[in-house]
Amino acid sequence: MREPNDTGKMTVAENAAITNGCCSDATLAFLVLRLWLAVRAILTGVEKFSAYQTVQKPLIDPVTGMEDPSGAMVDVKIKFYSLTNYSGIPAPLKDKFANEPLLPHFAASAFDHLLGPAFIATGVMLLLGLGTRFSLFVQGLIYIALTTGLILIHQDDGISWLGIHVGLVAFALMLAKHNKFALLKKW
């Protein structure tokens, strides 16, 4: 990097070279936002495959750290992941959607089956920089679809959270021209 000229100020050309470099503020801002949205989508999709099971474990004496000599057992919930656990829409919301006349059953069923894989696919694409704009756009559409469903069942808190996600996706799309770290930059 060059030193400032005699007046202590950089020329317009020097400032442009720094700004347009690989690590400008806008490039780093987009990278951070892209990574956050990618991790958010991937983990949201993976969580669709989670469940809890209750197992009994021996009670541990807090003083000695040993199993309780009386043989007492406690129930412990353990989280695990499996393809058979998949549920795109949480069970309590499925019942609400089933009773919503403006939401056709086939649409809710398709959404339930595709939501997790769509989140994982767009998240991985975004993480790797494969079709960054396309994956951001699809994530935006997913969040809009989720918002529509939550509006129909009057889940105002969820609508607000999804509105923040839509805003982040829109902001990322505006910063996408600064995408320097991607495998496929065209899309």
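Computed from a predicted model, the values in this text were never measured in an experiment. (Residues numbered from 1 in each chain as written. Predicted model: local features only at pLDDT ≥ 70, side-chain atom pairs only at ≥ 80, totals over all residues. Heavy atoms only, no water.)

We now examine the nonpolar core. F30, L37, F119, L136, Y143, L146 and A172 are the most contacted members of the largest nonpolar core, which has 22 residues in total. The residues contacting L146, other than those within four sequence positions of it, are F111, L115, F119 and L162. (Core = buried A, V, L, I, M, F, W, Y, C linked by side-chain atoms within 4.5 Å. Buried < 20%, exposed > 50% of the residue type's maximum accessible area, 1.4 Å probe, protein only. Contact = heavy atoms within 4.5 Å.)

Another aspect to go through is helix α5 (residues 132-152). Helix length check: α5 (21 residues) gives 31 Å between terminal C-alpha atoms against 30 Å at 1.5 Å per residue, within 8%. Among all positions in α5, only T132, S135, L136, Q139, G140, I142, Y143, L146, T147, G149, L150 and L152 are buried. Considering only its buried residues, α5 is in contact with α2 (25-47), α3 (91-98), α4 (105-128) and α6 (156-175). (Helix = DSSP H or I, 4+ residues; strand = E, 2+ residues; numbered from the N terminus. Expected span 1.5 Å × (residues − 1).)

Quick look at the pattern of salt bridges now. Tallied over the entire structure, the rule returns 2 salt bridges. The closest approach of N and O atoms between E47 and K79, which form a salt bridge, is 2.7 Å. Taken together, the positions of E47 in helix α2 and K79 in strand β2 (residues 73-81) put the pair 32 residues apart, joining distant regions of the chain. A residue is classified by how much of its surface remains accessible, and E47, at 33% relative accessible area, is partly exposed. (Salt bridge = Lys/Arg side-chain N within 4 Å of Asp/Glu carboxyl O.)

Before going further, it helps to spend a moment on the packing of aromatic side chains. This structure, assessed with the given rule, holds 2 aromatic pairs. Ring centres of F49 and Y86 lie 4.8 Å apart, and the angle between their planes is 45°; on these two criteria the pair is classed as tilted. With F49 in the loop between α2 and β1 (50-58) and Y86 in the loop between β2 and α3, this pair connects stretches of sequence that are 37 residues apart. Assessed through its relative accessible area of 17%, F49 is described here as buried. On the basis of an interplanar angle of 50° and a centroid distance of 5.7 Å, the ring pair of F119 and Y143 is categorised as tilted. On the criterion of sequence distance, the pair formed by F119 in helix α4 and Y143 in helix α5 is long-range, its members being 24 residues apart. Residues F119 and Y143 agree in their burial class; the two are buried. (Phe/Tyr/Trp six-rings, centres within 6.5 Å; stacked < 30°, edge-to-face > 60°.)

Here H154, not a glycine, exhibits a phi torsion of approximately 60°, which is positive. The topology assignment puts H154 in the loop between α5 and α6.

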